[in-house]
Amino acid sequence: MPSLKQLSSEKDLFASGHRACAGCAASIILRQVALVAGKNTVFVGATGCMEVVSTIFPYTAWKVPFLHNAFENSAATASGIESIYRSLKKRGKITKKINVIAFGGDGGTYDIGFQSLSGAMERRHNMLYLCYNNEAYMNTGIQRSSATPYGAHTTTSPAGTVIPGKQQFPKDLTEAIAAHDIPYLAQAAPHNWADFTKKVEKALSIEGPTFINVLSACPLGWVYPTHLSIKISKLAAETCFWPLYEVENGIHKINFRPKEKKPLLEWIKLQGRFRHLLSEHNKHIIEEAQKEVDRKWDRLLKMAEAKI
Amino acid sequence: MKKIVVAKTGNEAMAEAMRQINPDVVAAYPITPATEVVQIFSGFVADGRVDTEFVPAESEHSALSACVGAAAAGGRVMTSTASQGLALMHEVLFIAAGLRLPIVICEVNRALAGPINIHCDHSDTMASRDSGWLQIYSENSQEAYDNTIQAMKIAEKVFLPAIVSVDAFIISHSMERLEILPDDEVRSFIGEHRKPYDLLDIAHPITLGGLDLQDYFFEHKRQEIEAMKEAKTAVIEVGKEFGEKFGTSYGFFEEYRMDGADIAIIALGSTAGTSKVVVDTLRAKGMKVGLFKIRVFRPFAFEEIKKSLEHIKAIGVLDRADGMSSIGGPVFHEIRSSLYESEKRPFITNYIYGLGGRDIFPKDIETVYRELNEIAEKDEVKNLINYIGVRE
Ligand SMILES: Cc1ncc(C[n+]2csc(CCOP(=O)(O)OP(=O)(O)O)c2C)c(N)n1
Ligand code: SF4
Ligand SMILES: [Mg+2]
């Protein structure tokens, strides 16, 4: 496992000069992944912010092979690459180990690409799928996705005078993928680079499908000053809204347990997308959201305890 | 050269061609009436008769997406589908062509829902005609086999994907005489795999499918258009070479008894076979009739078609799909457009037929010839758009 110092002396494979917003966590995530994966890696990216900011022809931020196909099919596309790689390897036409990494935003993963991802995991292609979850369709202007938190304002779940933001809790995609019984999956966030990069490294060392769901703070869509991305990412873990954990061969393991679980409000109050929840008459929404966080965290604790 | 003569259905014939091509990757999803192609091919994989990695995708969208990934990573790639499956692939069809990936689809022409139907018409491939794929229609099992082999070679020559199709059930499930070429002959005919890119070439990383905006997209599309023009040359070269090696030459179209013909029918696929029988009958009675069978619909042989047809007095275009434009089918429009510049400008009428598998009989085709005869005699088209065999 390389240290941060070592990693920072490596040449970037996801280069600067891309067009992500200042403070975009997703670009930090991709940079970290590319560094850990190294140059013997093929990336497939789904339509969304990261594809758009990194590949505007004739420029590219990618110093490793990169393919964009469409919005909902990066997992299926990667399964084709992995298949030809396996075929060539079997016939001795290729000898080196090449990583295949597919990624998509929450829209391209939780929603429109869910089937494609499920299929690729079930067929047990040897690939890492990485979801950078910024909790909405950012590229098209901040529309709600099934990953958008309860109560959040987006342009299709606006905080109106009658309906105060998104009315559903987010889908638990990580557990949905766990139900595929793949050898390794994890939740991570970029503020904890050591945990995150270790997970990427582990996933790539494992034969078979692996999945990492990475929370990806987005100043534009979450509405906060650009310098707060890492702080907000950290708070998501400290409030247990976004537990850092992994599931290896079916066994849940929590990688970060806050000494004292912080109230969800601390995370919420830094973000403009939740501003409407701070008024007195929407207090119950924060309470419900807190209850849901508590319920899920308790469940995770129990699973980890029971080693299931 | 030792050809093997067997009895095979259209599906079996295409699967056999796929086996001989021995693609690196086949990613597919079952759908009636093309299911058999995938089934038979899975058998080849299971028995180790091909080197192919078979990806049993969870949908046609994913199947073609996997094909795109595999082809971009330097593989020779094929798939098979029909109707709803081709419609589900629609988005990715354009991407495969735009990225210039020489993938081949063995397609079975089945009506597009709704209402849902499983039988033959051409609405599925006609709905994909603008996607940048070559389209080759087959009259029978033999052509399905020959066309599949040629399609792979043509696709890799011009770096465009190709669809080879047969009519649902009429060809896909009918047992016919098939001459199979020796494996090594097929492989040497197609030659070494020519790949446009190789994502697995780690030493030379490329970014493919990136965002292409106002400043470059048009140039890339212009190149794709040019490739489709070049495909015309490739179709002819490969069809000729196939003839020299194996005995039967192929071109854009087949002119059946068109010499001295006054009137002609234009058809695609199995109906061309039925029409030939009618042509023989009518010729025996002294009528100057011919059949013009379109084999390659994309690229469209505009000039060549004009040249071949302009001396005909009256033409009936049979369309097994309606463009829902309120003014006839897709083949009709393109044929009519081809003849616009002709000074002679034949009379042209359109016959929509066979939707959802409605049978077309020799007597129906005979009626068309009689109507064309009347048009030629009276110098007048009464009905521009006609429907064969429908209750109205
Ligand atoms: C089939 C299809 N539907 C819709 C779109 C429009 N679209 C492009 S990106 C996007 C949202 C992407 O959201 P997400 O996957 O969360 O990535 P983000 O932009 O947030 O990084 C949408 C809706 C598309 N490109 N393709
Ligand atoms: S909108 Fe959000 S996810 Fe997209 S580039 Fe900007 S900060 Fe990153
Ligand atoms: Mg998103």
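Structural notes, computed from the coordinates. Keep in mind that what you see is a predicted model, and the values were worked out from it rather than measured.

**Overview of the overall build of chain B**
Next, step 1: Each helix and strand counted, chain B has 13 helices and 16 strands in total.
Next, step 2: Radius of gyration (C-alpha) of chain B: 21 Å, near the 21 Å computed for a compact globule of 392 residues.
Next, step 3: When the backbone C-alpha atoms are referred to their principal axes, chain B occupies close to 70 × 55 × 45 Å.
Next, step 4: Looking at chain B as a whole, 58% of its 392 residues qualify as buried.
Next, step 5: Excluding contacts between residues fewer than 6 apart, the proportion of contacts in chain B whose partners are at least 24 apart in sequence is 81%.
Next, step 6: Roughly 15300 Å² of accessible area belongs to chain B as shown, and the carbon and sulfur atoms make up 51% of that amount.

**Some thoughts on the environment of B:Met18**
All names here are of chain B.
Next, step 1: Note that Met-18 resides in helix α1 (residues 10–21).
Next, step 2: Taking relative accessible area as the criterion, Met-18 reaches 1% and is therefore assigned buried.
Next, step 3: Remark: the alpha-carbon pair of Met-18 and Cys-106, spanning 88 residues in sequence, is separated by 8.8 Å.
Next, step 4: Beyond its immediate stretch of four places on either side in the chain, Met-18 contacts Pro-23, Val-26, Val-37, Phe-41, Met-78 and Cys-106.

**Remarks on the coordination of the magnesium ion (ligand 3)**
Next, step 1: Distances from the magnesium ion (ligand 3) to its protein donors, namely A:Asp106 (OD), A:Asn134 (OD1) and A:Ala136 (O), fall within the range 1.9 to 2.0 Å.
Next, step 2: Overall, the relative accessible area of 4% leaves A:Ala136 in the buried class.

**Notes on the sheet that holds strand β8 (residues 251–254) of chain A**
Next, step 1: Reading across the sheet, the 9 strands line up as β8(A)-β7(A)-β5(A)-β6(A)-β4(A)-β3(A)-β1(A)-β2(A)-β9(B) and stay open at both edges, with mixed pairing between neighbours. Because the sheet does not close on itself, it has two edges, and the strands there are β8 of chain A together with β9 (207–208) of chain B.

**Description of the packing of aromatic side chains**
Next, step 1: In this structure the tally under the stated criterion is 24 aromatic pairs over all chains.
Next, step 2: Ring geometry for A:Phe57 versus B:Tyr216: centroids 5.0 Å apart, planes at 75 degrees, classification edge-to-face. One end of the pair, A:Phe57, is in the loop between α3 (49–54) and β2 (66–68); the other, B:Tyr216, is in the loop between β9 and α9 (217–246), on a second chain.
Next, step 3: A residue is classified by how much of its surface remains accessible, and B:Tyr216, at 31% relative accessible area, is partly exposed.
Next, step 4: When the centroid spacing of 6.2 Å and the interplanar angle of 15 degrees are considered together, the rings of A:Tyr129 and A:Phe211 count as stacked. Taken together, the residues span a long stretch of sequence, with A:Tyr129 in strand β4 (residues 128–133) and A:Phe211 in strand β6 (residues 210–215) at a distance of 82 residues.
Next, step 5: Classification of A:Phe211 by relative accessible area gives buried; the value is 0%.
Next, step 6: Taken together, the aromatic side chains of A:Phe14, A:Phe43, A:Trp62, A:Phe66, A:Phe103 and A:Tyr132 make up a single cluster linked through ring pairs.
Next, step 7: The ring of B:Phe44 is capped by B:Arg19, whose NZ or CZ atom sits 5.9 Å from the centre of that ring.
Next, step 8: Directly above the ring of B:Tyr340 sits B:Arg345, whose terminal nitrogen or CZ lies 4.8 Å from the centroid.

Rules of the game
Residues numbered from 1 in each chain as written. Chains lettered and ligands numbered in written order. Predicted model: local features only at pLDDT ≥ 70, side-chain atom pairs only at ≥ 80, totals over all residues. Heavy atoms only, no water. Helix = DSSP H or I, 4+ residues; strand = E, 2+ residues; numbered from the N terminus. Rg over C-alpha atoms; globule rule 2.2 N^0.38 Å. Buried < 20%, exposed > 50% of the residue type's maximum accessible area, 1.4 Å probe, protein only. Contact = heavy atoms within 4.5 Å. Areas by Shrake-Rupley, 256 points an atom, 1.4 Å probe, with all protein chains shown as cover. Donors = N, O, S within 2.8 Å, 3.2 Å for Na, K, Ca; no water. Pairing = 2+ DSSP bridges. Phe/Tyr/Trp six-rings, centres within 6.5 Å; stacked < 30°, edge-to-face > 60°. Lys NZ or Arg CZ within 6 Å of the ring centre and 35° of its normal.

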